[in-house]
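Coordinate analysis (summary)
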Amino acid sequence: MEWGWDNGRAILGAIMIIGLCWVMSENRKVFPWRLALGAMAVQAFLLILLFAVPASQSVLNGINSAVDGLNAATVEGTKFVFGYLGGGDPPYMLARPGAPPPFVFAFQVLPLILVISALSAVLWHWKVLQWITRGFGYLFEKSMGLGGASALATAANIFMGMVESPIVIKGYLDKLSRSELFMMMVVGLATVAGSTMVAYAAILSPTLPNAAGHVLVASIITAPAGILLARIMIPEQEGQYSEGMDYSSALKYESTMDAITRGVQDGMMVVVNVGAFLLVFVSFVWIANGLLTVFGEPGGSALTLQRIFGFIFSPLAWIIGIPADEMQKAGGLFGSKLFLTEFVAFIELGNLPVEALSERSRMIMTYALCGFANVGSIGIMTGGMTVLMPERRNEILKLAWKSLIPGFLATCLSATIVAALPMGVFVH
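Residues numbered from 1 in each chain as written. Predicted model: local features only at pLDDT ≥ 70, side-chain atom pairs only at ≥ 80, totals over all residues. Heavy atoms only, no water.

The chain has the name Putative nucleoside permease NupX in an unreviewed UniProt entry, where Candidatus Phycosocius bacilliformis is given as its organism. What UniProt states about the chain under its Sequence similarities (unreviewed entry) heading is, verbatim, "Belongs to the concentrative nucleoside transporter (CNT) (TC 2.A.41) family." Of the comments in the UniProt record for the chain, the one headed Subcellular location (unreviewed entry) reads "Cell membrane". (UniProt positions renumbered as here; feature names shortened; annotations may be inferred.)

Here you go:
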């Protein structure tokens, strides 16, 4: 297994990310050393366990097979509702006989969100997802010293959205300290929901081997990174919580049918939000790129938002382990994620020609992009949390924009752990 300068630079990148959050800390005299060591150890342990252990390959193959199965099942439902646009037989002669149906995002990606949202609700009602969440909550409590309620909410963030996960501990929200509230916001922005996770994997699977496994692992290992950076910026004061692990949850369904119904309703809200944001942001990008044509072609190519983002964020791409000849393309993806949503960034990553980024760089960027930390998500998060905690509205609004920075950097920190490991760990 080869290990070189790109791997070593990623370790320096991790130190720089942690150092930047420490500079922005509200109390630089306090640094959570135990939490830092625990978080980094948990991330490395999970990566090695899920990729380097021989038996792990069968688990990853199972994850990819499950995602393929969900895709196939969703296609059947989509074909029934939307016909040819959803993958059914064409009702007319094609210009190129035998060509596959056109890829239509609205009919071939968004329906996945609906199916996974309903399935997640059913698995929660059947207590399958609850036990998985409890396992991760126990791991976070013991390895990083979190309180019971915040550990459970953090674990729930791995599989649920940043608005849904606080519902799991609704009865404890008024008891959370300012540090715990900030941490829950950061982790919510640093991770992704299970419903969108499968959609990301579907977008990346043509160009990234084990795409489903990488997206799932990315959401899991970024939770400890979010916890760490949040606690560095707003340290927990001594004695602010003393409760042990409590697995009681306010998220309940009356029956399996109730879970399906509410899962579909929640998923529909996500579908509408994702579709609407993509439509508007892609249109805005086109408008902005049109306006930028007045500057001509500096350097021999057209000036676009993606190119500007590439210049601005290329140093970040470089310090997390991306080679210098690929850092501008990777930097453009960072800009798309932060200002245009991670969905746009994943679509751009999936559309990049195979020769544009190496497999290693694609894998690193999958981890670096796998989080909700973008400008648009701030509004979604504050809207959901202020409904659940109206008495803490002012506090939430003050912390929201502050949480964007560590939320964005948490995925980058996870990417440095991936980049620091030899490529042989991930390729068998």
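**With respect to the overall build of the chain**
Along its length, the chain carries 18 helices and zero strands. The buried share of the chain, taken over its 428 residues, is 54%. A sequence separation of at least 24 residues applies to 77% of the contacts in the chain between residues at least 6 apart. A total accessible area of about 18600 Å² is found for the chain, and carbon and sulfur atoms account for 68% of it. (Helix = DSSP H or I, 4+ residues; strand = E, 2+ residues; numbered from the N terminus. Buried < 20%, exposed > 50% of the residue type's maximum accessible area, 1.4 Å probe, protein only. Contact = heavy atoms within 4.5 Å. Areas by Shrake-Rupley, 256 points an atom, 1.4 Å probe, with all protein chains shown as cover.)

**Here we look at the side chain of Gln-43**
Mapping Gln-43 onto the fold places it in helix α2 (residues 33–52). Setting aside residues up to four positions removed in sequence, Gln-43 forms contacts with Ile-221, Thr-222, Pro-224, Ala-225, Ser-414 and Ile-417.

**Section: the pattern of salt bridges**
Note that side chains of opposite charge can pair when their charged atoms are close. In the structure shown here, the tally under the stated rule is five salt bridges. Salt-bridge contacts for Arg-178 lead to Glu-26; the nearest nitrogen and oxygen are separated by 2.8 Å. Residue Arg-178 is located in helix α9 (residues 178–190), and its partner Glu-26 is located in the loop between α1 (5–23) and α2; the two are separated by 152 residues in the primary sequence. In this structure Glu-26 comes out as partly exposed when scored by relative accessible area, which is 40%. For the salt bridge of Asp-258 with Arg-262, the shortest nitrogen-to-oxygen distance reads 3.4 Å. Pair noted here: Asp-258 and Arg-262 are both in helix α12 (residues 256–292), with a separation of four residues, about one helical turn. Several salt bridges converge on common partners, so that one network encompasses Glu-26, Arg-178 and Lys-402. (Salt bridge = Lys/Arg side-chain N within 4 Å of Asp/Glu carboxyl O.)

**Thoughts on the packing of helix α14 (residues 327–340) against helix α18 (residues 393–420)**
Where α14 meets α18, the closest approach of the two axes is 12 Å, and the angle between their N-to-C directions is 145°. As for how α14 packs across α18, the hand of that crossing is right-handed. Contact residues: α14 offers Phe-334, Lys-337 and Leu-338, while α18 offers Leu-404, Phe-408, Thr-411 and Cys-412. Considered class by class, the residues forming the contact of α14 with α18 number five nonpolar, one polar and one charged. (Axes fitted to C-alpha atoms, helices over the stretch in contact; angles between N-to-C directions. Left-handed = near helix turned anticlockwise from the far one by under 90°. Nonpolar A, V, L, I, M, F, W, Y, C, P; charged D, E, K, R; others polar.)

**Here we look at the side chain of Ser-377**
The topology assignment puts Ser-377 in helix α17 (residues 375–388). Classification of Ser-377 as buried rests on a relative accessible area of 6%. When near neighbours in sequence (up to four residues on either side) are disregarded, Ser-377 contacts Met-162, Leu-189 and Phe-372.

**Describing the environment of Met-40**
Residue placement: Met-40 occurs in helix α2. It is 9.3 Å that separates the C-alpha atoms of Met-40 and Leu-413, two residues lying 373 residues apart in sequence. When residues no more than four places from it in sequence are discounted, the contact partners of Met-40 are Ala-14, Leu-228, Leu-413 and Ile-417.

**What to know about α12**
For α12, which comprises 37 residues, the first-to-last C-alpha distance of 53 Å matches the rise-based estimate of 54 Å (1.5 Å per residue) to within 8%. The secondary structure elements touched by the buried residues of α12 are α4 (105–108), α5 (110–125), α13 (305–319), α14 and α15 (342–351). (Expected span 1.5 Å × (residues − 1).)

**Section: a nonpolar patch on the surface**
Taken together, Leu-279, Val-280, Phe-284, Trp-286, Ile-287 and Leu-291 make up a surface patch of nonpolar side chains, about 700 Å² in accessible area. For Leu-291, the position within the fold is in helix α12. Leu-291 sits in the exposed class, given a relative accessible area of 58%. (Patch = residues over 30% accessible without salt bridge, like charges linked within 9 Å, V, L, I, M, F, W, Y side chains within 5 Å.)

**What to know about the packing of aromatic side chains**
Counted by the stated rule, this structure contains seven aromatic pairs. With centroids separated by 5.5 Å and ring planes inclined at 15°, the aromatic side chains of Phe-309 and Phe-339 adopt a geometry described as stacked. In this pair, Phe-309 is assigned in helix α13 and Phe-339 in helix α14, connecting sequence segments 30 residues apart. For Phe-339, a relative accessible area of 38% puts it in the partly exposed group. Put simply, the rings of Tyr-200, Phe-343 and Phe-346 touch in pairs and so form one group of aromatic residues. (Phe/Tyr/Trp six-rings, centres within 6.5 Å; stacked < 30°, edge-to-face > 60°.)

**Looking at the nonpolar core**
Counting residues in hydrophobic clusters, the biggest one holds 127 residues, and the most contacted among them are Ile-320, Phe-334, Phe-343, Met-365 and Tyr-367. No other element matches helix α11 (residues 211–233), which puts 16 residues into this core. Those residues in contact with Phe-343 that lie beyond four places of it in its chain are Phe-105, Val-109, Ile-113, Thr-196, Ala-199, Tyr-200, Ile-203, Val-274 and Leu-278. (Core = buried A, V, L, I, M, F, W, Y, C linked by side-chain atoms within 4.5 Å.)

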